[in-house]
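Listed below, chain by chain, are the residues.
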Amino acid sequence: MAEPVLRLDGLCKDYGEGLVLSGLSLDVYPGEFLTLLGPSGCGKTTTLRIIAGLERPTAGRVVIDGADVTGLPPEKRPVNTVFQNYALFPHMNVFQNIAYGLKVLGISKSEQKERVMAALSLVRLTGFERRMPSQLSGGQRQRVAIARAVVLQPKVLLLDEPLGALDLKLRQEMQQELKSLQQKLGITFVYITHDQEEALNMSSRIVILNAGHIEQIGTPEEVYECPLTLFAADFIGQNNLLHGTVTAVSPEGLSLEVNGVTLPALPNEVFSPAVGERAALCLRPQRIRYGREPQHGMTLKGTIRSKEYVGGMQHTQIALGGEVVLNAVTQSAELDSYPVGSEVFVGWNRRHAPLVPDAPKEAV
Amino acid sequence: MKKHSFGSLLFIGLVLLVMYLPIAVVIVYSFNANTARIPIDFTGWTTDWYAKLFEGRSGFGDALLLSVRVALWAVVISCVIGTLGAIGMARRVDGKSSRLDTAMESLMSLPIMIPEIILGLAFMVVFNAMGIRGNDLRLVLAHVTFCIPYVFLNVKSRLVGMDPALFDAARDLGASPARVVRDITLPLCRPAIMSGAFLALAMSLDDFVISFFVYGAGEGTLPIKIYSSVKVGVSPQVNALCTLIMGVVFIAVALSRYLSSMRAARQRRLERQIRAA
C-alpha cells in the first residue's frame, strides 16, 4: 500500500482521571473513508481532537503526510473538521462562513469567490450565499459546515458525528451524499460515529474503539462477518453470543460446551483455543436454519419457544435446552408452519459462526 | 384586551401619580416666573430659566462638559479592561474553573456591591496619599473602577452562553488565537459590550457620592453642581436643567424602543420569507 497520509503512533491521553486513550496506533491511507466507531466515552472524539490539534496527547505522535505535527497548533495543520453541531459562525452569512479559512490564508477576493462558489455548488447550496446560519435548516447547515471545511482542500477531513443531529430520513440521504462527495473529492475522511449502521454503510474501513483502545480494524464486511473480539461481535449488528468452554479439539473442529449444550465450532487464524479455554461463539440470527431435517449436517435439536412477525421478517426464539436460547431471523417469504412448542433440527454453516475469546463480563 | 375593574384602575392611577407627580412638579416649576429663592406660588409662564442656563455664567455648561468627558473616558477604559478580563477568564472555563478563577470573578464584580460611600472615601484617602491631584484623573480613575463590573459581567455571561466549538472551528480553519478574538469573539460580544457600555455610561453620568468624595479643587461634575446650587434653595434654573435632562433621556429611550421594534419586525419578515421558500 501507499504511504499513510495520517499516522497515529501510540497516542495516550489522560485528563487526570485515568487514561482516555491507551496507546492508540493507526495508519490511514490516501482516499480512505475511515470510521472510528465506538460507544460514547470510548475516546473517539478525543482521538479526532488530537488529530485536529485541539487537544494535546499525553504521549504519542501524530504524523500527517510524513511530517510530525504533534506539537503544531490546529491552525498550522493540513486537516479540517466538520463539527458535531456544525459550529457555523452566527454573525457571518453562508458565503463569509465558507470564505473564512481562505480569507485567513490571505487568498485574493476573486479566488475566494471562485472557490466558495465551487464549494457551494458541490454541496448543492448555490443561491444561499447571503443567508445567515439562523435562516438555514439542519441539513443545510450541515452542508455549509462541510463546504467550509473542504474549500481549504485539507489532506484529511475530520467529521465528528456530523449526522447526529439530523432526523432519520435526512441522515440516510446525507450518508449517500457524503459518500459520493468523498469519492468525487478524493479527500481522506476520518469519520466518527457511534451508529454502527452508518459506519457499515459508508466506510471503506472501520476502527472499532472501546475504552481507549482498538478492538478491531477492518472493512465493513470483515468486522461484520469476522469479529475478532467479543466486544466487536456484540457491538456490530445482532448476534447470539454463546459463552462456553472448549471440551474437545480435533482436526475437523472443536466442541464448545455452553450451559450443558455442546455446540460445534471452527477455530480461526487469530483464535484457536485449547481444551478447557473459555470462548464465545458469535452466531448471526439470519445464519440460523431450522426444519424437520438436520441442517448443515448438524444434529442439534431445539424447541420453538416463540414467533414474532416484525416488519417483513420473522423473529423466532429456539430453545436448545436449559438456558441456551437462540434468536433466529428469517425472511417472511419463507414463513415456516411449525407451531410454537414443536421440535426442530437447528443448524448453521460453521464458517459463518466465528469463535472469539470470552472476555470477563465487566470488560464488555 | 382585558377589562380592568374600577378599583384596579384607581390603584394603578394612584401609584403612577405618586411616582410621577414630583417629576411633573419639576417640569412645571421650570416654567414658573416666580423669582423667589424658594418658589411656591405659580406666578406665570416664562422660559427665562432655560435662557439663563445657556448664558455661560451659570457654570452648568462646564459641569456638563466635565461629566461627559469623565463618563466617556471611564466607559472606553472600562470597556477595554472589562472585555479583555471576561475573554481571558472565559478561556480558562473549559468545564473546570479553579478556585482562583472564582475568586477573581467575585473580585471583578465586587465594586458594584461595596457601598458607594465607602468606595468614595477609599478613593479620596488613596488619591490624597498618592498625591494624585488632577481633578479629571481622580474622577476617571474612580469611575473606571465602578464601571468595569457592568461591562465585565455582561460580556462574561455572553461568552458563557457561546458554543466553544466556534472558537475551535476558527482555529481549525487556520486562525491564530489573536485572530479568533478579532474575528469571532469580539463581533459576537459586541451587543454585550454595547449594553455594558451604556449601563456604565448611565452610572458614570449619574454618580454623585463617589464623585463628591473624589473631586478636588474647582467645579464638580453636573450632579455635584446641581447639588451645590440647591443648597441655598431650589433655583428655578435647576428645574430647567432637570427638565432638559429628562427630555434627553425620554428621547433616547423612545428611540431605542423604536429601533428594537424595527429590528423585531425585520426578523419576523425574514422568518416569513424562509417559511414561504
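Our structure's up above, just so we're on the same page.
This section reports on the structure supplied with the text. Predicted model only: the values in this text are computed from it and were never measured. (Residues numbered from 1 in each chain as written. Chains lettered and ligands numbered in written order. Predicted model: local features only at pLDDT ≥ 70, side-chain atom pairs only at ≥ 80, totals over all residues.)

The next point concerns the interface of chain B and chain A. Contacts between the two partners involve 17 residues from chain B, matched on the other side by 18 residues from chain A. Those elements that place two or more of their residues in the side of chain B that touches chain A are α7 (165-172), α8 (177-206) and α11 (236-276) of chain B. With 6 residues, α7 of chain B is the single largest residue contributor to the side of chain B that touches chain A. Looking at side-chain class alone, the side of chain B that touches chain A contains 10 nonpolar, 2 polar and 5 charged residues. (Contact = placed C-beta atoms within 7 Å. Helix = DSSP H or I, 4+ residues; strand = E, 2+ residues; numbered from the N terminus. Nonpolar A, V, L, I, M, F, W, Y, C, P; charged D, E, K, R; others polar.)

Residue and element names in this part refer to chain A. With antiparallel pairing, the 4 strands of this open sheet are ordered in space as β2-β1-β4-β5. Two strands close off the open sheet at either side, each with one partner strand: β2 (19-28) and β5 (67-68). Looking at chain direction, strand β1 (residues 6-14) and strand β4 (residues 59-64) are connected through 5 bridges and run antiparallel. Within the sheet, the bridge partner assigned to L6 lies in β4 and is I64. Against the sheet, helix α1 (residues 44-52) makes contact with β1, β2 and β4, and its axis sits at roughly 120° relative to β1, the strand it touches most. (Pairing = 2+ DSSP bridges. Axes fitted to C-alpha atoms, helices over the stretch in contact; angles between N-to-C directions.)

Now for the pairing of strand β8 (residues 188-193) of chain A. The side chains of a regular strand alternate between both faces of the sheet. Residue and element names in this part refer to chain A. With 6 of its 6 residues buried, β8 lies for the most part within the structure. The alternating pattern of β8 places T188, V190 and I192 and F189, Y191 and T193 on opposite faces, both of which are buried. Here 5 bridges tie strand β3 (residues 33-37) to β8, and the two strands are oriented parallel to one another. Following the sheet pairing, L36 is matched in β8 by I192. Pairing of strand β7 (residues 156-160) with β8, which is carried by 5 bridges, proceeds in the parallel orientation. Paired with D160 across the strands is I192, a residue of β8. A crossover connection joins β7 to the parallel β8 through helix α5 (residues 168-185); in handedness this β-α-β unit is right-handed. (Buried ≥ 20, exposed ≤ 12 C-beta atoms within 10 Å, placed from the backbone. Right-handed = clockwise from strand over helix to strand, strands pointing away.)

Note that all results are geometric; they support no functional claim without further evidence.
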